[in-house]
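Overview (structure and organization)
Listed below are the residues making up each chain.
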Amino acid sequence: PGKKVLIVYAHQEPKSFNGSLLKIAVEELTKQGCSVTVSDLYAMQFEPRATRNDIVGHLHNSEAFNYGVETWEAYKRGGLSKDLVEEQKKVQEADLLIFQFPLFWFNMPAILKGWMDRVLVQGFAYDLSKAYDGGLLQDKLSLFSFTTGGSQEMYSNEGIGGDIRYVLWPMQHGIMHFCGVKVLEPHICYAPENVSEDKRKEMLTAWTQRLKTLWKEEPIDCSPEWYFK
Ligand code: FAD
Ligand code: ZN
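Residues numbered from 1 in each chain as written. Chains lettered and ligands numbered in written order. Predicted model: local features only at pLDDT ≥ 70, side-chain atom pairs only at ≥ 80, totals over all residues. Heavy atoms only, no water.

The name that an unreviewed UniProt entry assigns to the chain is Ribosyldihydronicotinamide dehydrogenase [quinone], with the source organism given as Pteruthius melanotis. You can read under Sequence similarities (unreviewed entry) in the UniProt record for the chain the words "Belongs to the NAD(P)H dehydrogenase (quinone) family." (UniProt positions renumbered as here; feature names shortened; annotations may be inferred.)

So, in structure tokens, the structure goes:
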């Protein structure tokens, strides 16, 4: 109770399976007494492109544009665009970040990747020699909750897709751990489109059940061995 949760959600359709997973998380966490904020990226028409529009006012170097340098400098002087400042505030206040999305090309949808690219700027989320365990977003947890088209068998070590952990490597280790955020076990609903209605209900119930004891969970040991052992 009292914990703050930010759910960054990337699906166009509220009636989708992802929409149902979002609804469950909002309801269950609110019931627990958490305060829940949702960034519904498509509904917000969130801008995924990393451009010079993200910098308000003068550029540090207007001769040759460097997005990383410019956003870092803009962050330091309070010159990032309003939508980024708002998202950073939500991140700063959150104890837990939940990312809810369908898997697109072994990755997150572009709109969510754009959120990562634009919100987690240098100076805010990490800095020179402040990365991984030293990242700036300390004492926060993250959880990647997503759905797939492929079955669990396809994403096993022997399956055609390979171990699902390879997909998790850039998201969990490359982004969250890099920024100092601890990582809870991912929550994966395999192939909701291709299973029975009963199985779908079962998957939704499993998510509710997991959320009930979420705050008792220990983060994973997010090291290369976890992914490639
Ligand atoms: P939906 O189609 O919205 O939901 C599935 C079913 O659940 C529907 O019948 C819906 O009505 C039903 N449902 C919703 N709510 C409930 C409820 N409360 N109770 C019971 N039933 C409910 N997949 C991969 O595995 N790997 C990839 O690399 C990949 N790349 C993709 C790239 C693109 C561009 C696209 C568009 C898809 C890709 N996919 C891939 C497939 C994608 O991951 C799946 O289509 C997606 O995860 C399914 O989730 P959904 O929420 O959209 O499902
Ligand atoms: Zn890691």
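Moving on, there is more to tell.
**Description of the UniProt feature "domain: Flavodoxin-like fold" (unreviewed entry) in the chain**
Following the UniProt record, one finds the feature "domain: Flavodoxin-like fold" (unreviewed entry) at residues 3-211. Between the end C-alpha atoms of residues 3-211 there is a gap of 13 Å, over a span that is 36% helix and 15% strand. (Helix = DSSP H or I, 4+ residues; strand = E, 2+ residues; numbered from the N terminus.)

**Digging into unusual backbone geometry**
A positive phi is found at Trp-105, a non-glycine position, where the angle reads about 50°. Its relative accessible area of 86% is what places Trp-105 among the exposed residues. Here Phe-106, not a glycine, exhibits a phi torsion of approximately 60°, which is positive. Given a relative accessible area of 43%, Phe-106 falls into the partly exposed group. (Buried < 20%, exposed > 50% of the residue type's maximum accessible area, 1.4 Å probe, protein only.)

**Points about helix H1 (residues 17-31)**
Helix length check: H1, at 15 residues, gives a terminal C-alpha distance of 21 Å against a target of 21 Å (1.5 Å per residue), a fit within 8%. If you check which residues of H1 are buried, you get Phe-17, Asn-18, Gly-19, Leu-21, Leu-22, Ile-24, Ala-25, Glu-28 and Leu-29. Residues of H1 that are buried make contact with strand E1 (4-9), strand E2 (35-40), strand E3 (96-102), strand E4 (141-147), strand E6 (187-189) and helix H6 (197-212). Following H1 by one or two positions, Gly-33 adopts a phi angle in the positive range, close to 95°. (Expected span 1.5 Å × (residues − 1). Contact = heavy atoms within 4.5 Å.)

**Here's the deal with the nonpolar core**
One finds Phe-99, Phe-101, Leu-112, Trp-115, Met-116, Leu-120 and Met-176 to be the most contacted residues of the largest nonpolar core, which totals 46 residues. Elements with a minimum of two residues in this core: E1, helix H2 (67-76), helix H3 (82-93), E3, helix H4 (110-119), E4, helix H5 (165-177) and helix H7 (224-228). Not counting chain neighbours up to four residues away, the residues in contact with Phe-99 comprise Val-8, Leu-112, Trp-115, Met-116, Ser-142, Leu-143, Phe-144, Ser-145 and Met-176. Phe-17, Leu-141, Leu-211 and Leu-214 belong to the second largest nonpolar core, which has 21 residues in total. (Core = buried A, V, L, I, M, F, W, Y, C linked by side-chain atoms within 4.5 Å.)

**Some points on the site of ligand 1**
What surrounds ligand 1 is a group of 22 residues, the closest being Ser-20, Leu-103, Trp-105, Thr-147 and Tyr-155. Within the backbone of Thr-148, an N or O atom sits 3.5 Å from an oxygen atom of ligand 1. Here Glu-193 contributes a side-chain N or O atom positioned 2.8 Å from an oxygen atom of ligand 1. For ligand 1, the protein covers 69% of the area, taking 1000 Å² as the surface of the free molecule. When residues of the shell around ligand 1 are traced back to their parent elements, those giving at least two are H1 and H6. Its residues assigned to classes, the shell around ligand 1 shows nine nonpolar, eight polar and five charged. (Near = heavy atom within 4 Å. Polar contact = N/O pair within 3.5 Å; in protein donor to acceptor, adjacent residues only side chain to side chain. Areas by Shrake-Rupley, 256 points an atom, 1.4 Å probe, with all protein chains shown as cover. Nonpolar A, V, L, I, M, F, W, Y, C, P; charged D, E, K, R; others polar.)

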